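Structure assessment
Each chain is listed here by its residues.
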Amino acid sequence: MSTSIRRIGIVGGGQMGAGIAEVCARAGLDTVVCEADAATARAARERVAVSLERAVQRGKLDRLSAEDAQARLLFTGDLEDLADRQLVIEAVVENAEAKIGIFTALDKIVEDHEAVLATNTSAIPVMRLGMATGRADRVLGLHFFNPVPVLPLVEIVTSLHTSAEVTSLAQEFVRDTLGKTAIHSQDRAGFVVNALLVPYLLSAIRMAESGFATATDIDDGMVLGCAHPMGPLKLADLIGLDTVAAIADSLYDEFKEPLYAPPPLLQRMVQAGLLGRKTGRGFHMYGRD
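Structural notes, computed from the coordinates. (Residues numbered from 1 in each chain as written. Predicted model: local features only at pLDDT ≥ 70, side-chain atom pairs only at ≥ 80, totals over all residues. Heavy atoms only, no water.)

1. A word on helix 6 (residues 164-177)
The cut-off we apply is this: Counting from the N terminus, the helices are DSSP H or I runs at least four residues long and the strands are E runs at least two residues long. Every helix has an expected span of 1.5 Å times one less than the residues it contains. Only protein chains enter the area calculation, which uses a 1.4 Å probe; residues under 20% of their type maximum are buried, those over 50% are exposed, and those in between are partly exposed.
With 14 residues, helix 6 ought to run about 20 Å at 1.5 Å a step, and its terminal C-alpha atoms sit 19 Å apart, in line with that. Three or more residues of helix 6 are buried, namely Val166, Thr167, Leu169, Ala170, Gln171, Phe173, Val174 and Thr177. Gly179 sits one or two residues past helix 6 and shows a positive phi near 70 degrees.

As structure tokens, then:
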């Protein structure tokens with residue numbers, strides 16, 4: 001078991017940030033989650049509580065362990081509360097300027113210059129975020145997958161500046177502390193998984209946009225014909241169509257390949273606020289919890 005990193009900070013308590021916070025707390029780590037303000041911090045707390053309760057009801061976690069995890073979590077609306085953290089993971093909206101602002105602030109706030117600053121970005125270059133700090137050698141990507149408590153993979157993404165020591169610490173943290181599987185990627189937009197996945201999702205969106213097949217038939221075709229656990233359009237809805245579009249934009253900006261360009265239908269749906277499961281409507285309709 002790794003003892004190197006025990007104090008964790010998470011910036012962002014949305015779907016991804018809350019999931020990362022939960023797995024850290026369940027691993028016995030002192031975890032502070034920072035949101036934009038007190039109200040969104042309370043919403044993040046509720047998000048984690050609901051997920052822990054769901055794990056208990058499904059027999060994946062016992063009641064005492066869930067209570068212990070809750071006790072290890074602190075939710076705040078003040079970034080200054082992350083000053084003593086050994087590892088801070090940024091998990092805010094997939095927007096480069098927002099993330100750069102966070103890293104610039106963390107560089108001033110986190111007191112230990114040996115601390116590791118990580119991003120959960122899906123596609124934004126780690127180098128760009130690291131260069132917003134005075135410690136680019138301590139910055140890397142830790143890209144978790146949704147739902148974080150369930151999916152075992154984390155992509156470790158190193159920039160040209162990331163030190164070998166930080167890479168080793170990240171590997172130890174992911175593997176030994178969280179019990180997840182790590183794969184390594186160079187710092188290229190999309191990393192390993194999204195560089196392969198997103199063109200597939202965009203192809204499905206183009207097929208639906210052209211009228212070639214319905215969303216249901218496209219998804220059924222890939223589930224029943226290729227044994228995929230979920231069809232591409234339902235998967236895009238689960239990820240969030242705004243996130244899919246943001247990743248596509250990052251991929252296209254970097255590679256200028258037509259297969260990475262977000263289709264007009266995707267752009268219009270994002271503009272309309274039809275973002276998938278989280279809004280109740282995307283390529284499919286969903287009941288709101």
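2. Things to note about unusual backbone geometry
Put simply, Asn146 and Pro147 share a cis peptide bond, and its omega is 0 degrees. Non-glycine residue Ala227 carries a positive phi angle of around 60 degrees. Tracing the backbone shows Ala227 in the loop between helix 8 (215-226) and helix 9 (232-239). Overall, Ala227 belongs to the exposed group, its relative accessible area being 65%.

3. Some thoughts on the side chain of Gln171
Filter applied, for reference: In the analysis that follows, any N or O atom pair within 3.5 Å is treated as a polar contact, provided that within protein one partner can donate a hydrogen and the other can accept it, and provided that, for residues neighboring in sequence, both atoms belong to side chains. When checking whether two residues touch, look at their non-hydrogen atoms; a contact exists if any pair is within 4.5 Å.
As for its position among the elements, Gln171 is in helix 6. Side-chain polar atoms of Gln171 contact the side chain of His184, separated by 2.7 Å. Excluding its chain neighbours within four sequence positions, the residues that come into contact with Gln171 are Ile156, Asp176, Ala182 and His184.

4. Things to note about the sheet that holds strand 4 (residues 87-90)
Basically, it comes down to this: Two strands pair if DSSP finds at least two bridges between them. Note on method: axes are straight lines fitted to C-alpha atoms, helices fitted across the in-contact stretch only, with angles between N-to-C directions ranging 0 to 180 degrees.
Strand order in the open sheet formed by eight strands is 3-2-1-4-5-6-7-8, and the pairing between neighbours is mixed. Single-partner strands in this sheet number two, and they are strand 3 (73-76) and strand 8 (181-186). Strand-to-strand twist in this sheet, taken as the mean axis angle between neighbours without regard to direction, amounts to 25 degrees. Relative to strand 7 (residues 153-158), strand 6 (residues 139-144) is paired through five bridges, and the arrangement is antiparallel. Along strand 7, the bridge assignment pairs Phe144 with Val154.

5. Focus: the nonpolar core
Short version of the rule: Take the buried residues of types Ala, Val, Leu, Ile, Met, Phe, Trp, Tyr and Cys, join any two whose side-chain atoms come within 4.5 Å, and each joined set is a nonpolar core.
Membership of the largest hydrophobic core comes to 42 residues, with the highest contact counts inside it found for Ile8, Ile20, Leu87, Ile89, Leu142, Phe144 and Phe173. Per-element tally for this core: the top contributor is helix 1 (residues 15-26), with seven residues. When neighbours within four sequence positions are excluded, Phe173 is seen to be in contact with Ile5, Ile8, Cys24, Leu29, Leu87, Leu142 and Leu178. By size, the runner-up hydrophobic cluster in this structure holds 23 residues, among which are Ile205, Ala245, Ile247 and Ala248.

6. Some remarks on the pattern of salt bridges
Heads up, the condition is: For this document, the term salt bridge refers to a Lys or Arg side-chain nitrogen within 4 Å of an Asp or Glu carboxyl oxygen.
Counting across every chain of the model gives 12 salt bridges. Salt-bridge contacts for Arg175 lead to Asp176; the nearest nitrogen and oxygen are separated by 2.8 Å. Here the residues in one salt-bridge network are Asp30, Asp84 and Arg85, joined through shared partners.

7. Describing the state of the cysteines
Keep this limit in mind: Cysteine sulfur atoms that come within 2.5 Å of each other are treated as a disulfide pair.
Applying the stated rule across the entire model yields zero disulfides. Counting only cysteine sulfurs, Cys24 is the nearest neighbor of Cys34, a cysteine outside any disulfide, at a range of 15 Å. Relative accessible area serves as the criterion here: at 4%, Cys34 is assigned to the buried category.

8. Things to note about the side chain of Glu90
Following the sequence through the fold, Glu90 ends up in strand 4. A polar contact of 2.5 Å, which involves the side chain of Glu90, links it to the side chain of Thr119. Not counting the four nearest positions on each side in its chain, Glu90 is found in contact with Val11, Lys99, Ile102, Phe103, Ala118, Thr119, Asn120 and Leu129.

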